[in-house]
Amino acid sequence: MDTSLRTHTTRFASLLVLVLSIFSPISESNQFCEAGIGYGDSECGIASSSSSKILIKGGTVVNAHHLEVADVYVEDGIIAVVKPNIKVGDDVTVLDATGKFVMPGEASLHNWVYNSIELVVAWLVEVAFGSDGEIANSFHRNDFKQMIAIVRSGTMLSIPPSLKVEPTFLPSKGFSLQQGEDIILGGIDPHTHLAMEFMGTVTIDDFFSGQAAALAGGTTMHIDFVIPVNGSLSAGFETYLGKAKRSCMDYGFHMAITKWDETVSKEMEIMVKEKGINSFKFFLAYKGSLMINDELLLEGFKKCKSLGALAMVHAENGDAVFEGQKRMIELGITGPEGHALSRPPVLEGEATARAIRLAGFVNTPLYIVHVMSIDAMEEIAEARKSGQRVIGEPVASGLVLDDSGLWDPDFTTAAKQELASLSLSLNYFLFFIICLFVMSPPIRAPGHGKALQAGLSTGILQLVGTDHCAFNSTQKAFGIDDFRKIPNGVNGIEERMHLVWDTMVESGQISVTDYVRLTSTECARIFNIYPRKGAILPGSDADIIILNPNSSFEISATSHHSRSDTNVFEGRRGKGKVEVTISGGRVVWENGQLKVAPGSGNYVEMPPFGYLFGGIDKADAEYLSSLRAPVKRFKATT
């Protein structure tokens, strides 16, 4: 086996066998942070434990694109060598894996070890393990009979039940999986807006409440959008760092571009080279505030390409939307239905097509945020079919909701039943309910969501976000007389993992490994933080969720962890429930209890030139060589 293949195999093999007799017990103290503001306020600490040397011998090492029969040597919780016939000394524990698979599992290991302090957490996990002794990507009730999984020093080590584990060596506090539960990667939400100033107000969830809600739903990192302050990227960045001081989980930043001049160009360089931002968002909507024109878009695309930063676009034709809004007002349509009518799918499709073509002209990768319509998805499909590097991101609300409530003749009857215990007029109640659905692009008519689901299952769309931009009922009521004043945005940061599982996995549209890719791994790859995030590899950050596919969930504003008094998914039920979330080596969600500490989250810097930029320079060179220009011409002489 050549060196590159061994390196590839070493990088991906992650489930390792461990003899527990070399472990010292982990202290129970400081494993949880006691709550403030309902969740937790204290500092957290995690104990350390001893090192180990292990040789897993003769197993079939399985990675994403390759398998081989080989030995795996581990030292201090890190894979050191993967090759056949490794020779070791007597101080190494040898485990025979002959006839068994050694494979990456569906659990993520998050939070790098900072300042040389080793984070150590050990958990006893019992799940089903088949008689053939195979270790697989996800631990299913029908596939397995019993397994023990230990998380130690940022590495997941798997132990077949044939090993005798003495109780005296187990952690002083642990938990066990019940039959049918899965260990899965913590989710990464690529699209959120916490503590965002927008449309004359501020989103109701800040970096503490929003992140706490995320953890309760199985999301362990998110990427928020920094809005410049008076056009200044640096001022915007510092403002958002201040907002994030109370964070309780890992987060990263995108940066919006709302104007263009030489200062903005220089600040983009600073953001990428010094501040850990590798993506910039351009709004083609919100005329008069965030919207930019095509000239600015082209300048931004060129700058992104030179910096190795990913260009992101909110794709709606802002000029046409503005015209549509005026048309609705002239027709006397001032209620929230005017919002959807003023920005139909064709305007999302047009802007998506325009952004794709301009990105193709510059030859830079493009990321389309919150894809909400068939029109936009078809443009992405065509571009990807032609070889262009375009990423499409649907959001949870677009996948599972539709606008049928706006037009259902039975909606009034249903609303009257809901009013039985409320002191609201029917008209106000109808307005209030419909306002909850106002976001941009709008939630579409029935059929669009199913098409977007199919786009995810077939690879046309690559990952799922939320566009979590939550407002309470008082804020939504700002537009009671004019839909243009309703703050645009819905919730989703807590609900995404459950909704995607119930909608996509339970229906058989995607596999469990696809689920991990769509909710975690692909986001990490796109934003160049893989395998630190979104991976089961030695040295990866240590966050894990335990999802029970046989358990049910119900969504309600009375039980969610957002500060909003509304929930756009109110009353939705489904299968597949996150029962445990481990963040930074700490159990932060278990038995329906959330225990997190403000200030315990970390800012994750994201380096430029991710995988989407591979080969761009060669494509540029090929283009230049194909021009056959300039043509040399000779001036005629007389």
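On a predicted model such as this, the values are computed, not experimentally measured, just so you know.

Colleague: Is there a simple way to explain the overall build of the protein chain in this structure?
Modeller: The secondary structure content of the protein chain amounts to 17 helices and 22 strands. In the protein chain, buried positions account for 57% of the 638 residues. Here the contacts in the protein chain between residues at least 6 apart in sequence split such that 77% fall between residues at least 24 apart. Put simply, the protein chain shows about 25800 Å² of open surface, and 51% of that area lies on carbon and sulfur atoms.

Colleague: How do you make sense of the nonpolar core when you look at a structure like this?
Modeller: Across soluble globular proteins, you tend to see nonpolar side chains buried next to one another. Counting 100 residues, the largest nonpolar core has F253, F280, F282, F301, V313, L366 and Y515 as the members making the most contacts within it. The contacts of F282, once residues within four sequence positions are left out, are I257, I292, L296, L297, G300, F301, C304, A311, M312, V313 and H314. Counting residues in each nonpolar core, the second largest holds 18 residues, with I223, Y367, L463 and I529 among its members.

Colleague: Hey, could you run me through the pattern of salt bridges in this one?
Modeller: If the charged atoms of two oppositely charged side chains come close together, the side chains can form a pair. If you walk through the whole model with that rule in mind, you get 18 salt bridges. Residue E348 pairs with R444 through a salt bridge whose shortest N-O separation is 2.9 Å. Placement of E348 in helix α8 (residues 345-362) and of R444 in the loop between α12 (426-435) and α13 (448-458) is noted, with a sequence separation of 96 residues between them. Accessibility expressed as a relative area gives 6% for R444, which makes it buried. If you follow the salt bridges from partner to partner, you end up with E269, K273 and K303 in one network.

Colleague: I'm lost on the environment of V346 in this one. Help?
Modeller: Of note, V346 is situated in helix α8. The spatial distance from the C-alpha of V346 to the C-alpha of N317 is 9.1 Å, given a sequence separation of 29 residues.

Colleague: Quick question: what am I supposed to make of the pairing of strand β16 (residues 310-314) here?
Modeller: Along any regular strand the residues' side chains alternate between the sheet's two faces. Counted residue by residue, β16 has five buried out of five residues, so it is predominantly covered. Alternating positions in β16 separate into two faces, L310, M312 and H314 on one and A311 and V313 on the other, with burial throughout. Two strands pair when backbone bridges link them, and strand β15 (residues 279-283) and β16 are joined in this way by five bridges, in the parallel orientation. Counterpart to K281 in the pairing with β16 is M312. Handedness of the crossover joining β15 and β16 through helix α5 (residues 294-307): right-handed.

Colleague: What exactly am I supposed to notice about the packing of helix α4 (residues 262-274) against α5 here?
Modeller: Between α4 and α5, the least distance of the axes is 11 Å, while the angle of their chain directions is 35 degrees. Handedness of the α4/α5 crossing: right-handed. Contacts from S265, M268, E269, V272 and K273 in α4 reach G300, K303, C304 and L307 in α5. Taken together, the residues that form the contact of α4 with α5 break down as four nonpolar, two polar and three charged.

Colleague: I keep staring at the UniProt feature "modified residue: N6-carboxylysine" (unreviewed entry) in the protein chain and nothing clicks. Help me out?
Modeller: Within this numbering scheme, the UniProt entry marks K281 as carrying the feature "modified residue: N6-carboxylysine" (unreviewed entry). Note on placement: K281 falls in strand β15. Every residue in contact with K281, bar those within four places of it in the chain, is listed here: H191, H193, F225, M255, A256, I257, M312, H314 and V369.

Colleague: Quick question: what am I supposed to make of helix α16 (residues 512-526) here?
Modeller: The periodicity of an α-helix, 3.6 residues per turn, causes residues three or four places apart in sequence to face the same way. In this model α16 runs 20 Å from its N-terminal to its C-terminal C-alpha over 15 residues, within 8% of the 21 Å that 1.5 Å per residue would give. The largest bend along α16 measures about 50 degrees and falls at L518. With 11 of 15 residues buried, α16 lies mostly within the body of the structure. Every buried residue of α16 is listed here: V512, Y515, V516, L518, T519, S520, T521, E522, C523, A524 and I526. In the stretch just after α16, N528 is the one whose phi turns positive, near 65 degrees.

Colleague: Would you take a moment to explain the sheet that holds strand β17 (residues 366-368) for this structure?
Modeller: Two orientations exist for strands paired in a sheet by backbone hydrogen bonds: parallel and antiparallel. Ordered by their spatial adjacency, seven strands build an open sheet running β10-β13-β14-β15-β16-β17-β18, and the pairing between neighbours is parallel. The open sheet is flanked by β10 (187-192) and β18 (390-392), the only strands paired with a single partner. Direction aside, neighbouring strands of the sheet carry axes that sit 25 degrees apart on average. With three bridges connecting them, strand β14 (residues 250-257) and β15 associate as parallel partners. Across the sheet, residue I257 finds its bridge partner in β15, namely F282. Where α5 meets the sheet, its contacts fall on β14, β15, β16 and β17, and the angle it forms with β15 comes to roughly 170 degrees.

Colleague: Help me understand a nonpolar patch on the surface in this model?
Modeller: On the surface, Y623, L624 and L627 cluster together to form a nonpolar patch covering roughly 320 Å² of accessible area. Within the fold, L627 resides in the segment after α17 (616-626).

Thresholds applied
Residues numbered from 1 in each chain as written. Predicted model: local features only at pLDDT ≥ 70, side-chain atom pairs only at ≥ 80, totals over all residues. Heavy atoms only, no water. Helix = DSSP H or I, 4+ residues; strand = E, 2+ residues; numbered from the N terminus. Buried < 20%, exposed > 50% of the residue type's maximum accessible area, 1.4 Å probe, protein only. Contact = heavy atoms within 4.5 Å. Areas by Shrake-Rupley, 256 points an atom, 1.4 Å probe, with all protein chains shown as cover. Core = buried A, V, L, I, M, F, W, Y, C linked by side-chain atoms within 4.5 Å. Salt bridge = Lys/Arg side-chain N within 4 Å of Asp/Glu carboxyl O. Pairing = 2+ DSSP bridges. Right-handed = clockwise from strand over helix to strand, strands pointing away. Axes fitted to C-alpha atoms, helices over the stretch in contact; angles between N-to-C directions. Left-handed = near helix turned anticlockwise from the far one by under 90°. Nonpolar A, V, L, I, M, F, W, Y, C, P; charged D, E, K, R; others polar. UniProt positions renumbered as here; feature names shortened; annotations may be inferred. Expected span 1.5 Å × (residues − 1). Bend = angle between axes of the 7 residues up to and from the residue. Patch = residues over 30% accessible without salt bridge, like charges linked within 9 Å, V, L, I, M, F, W, Y side chains within 5 Å.

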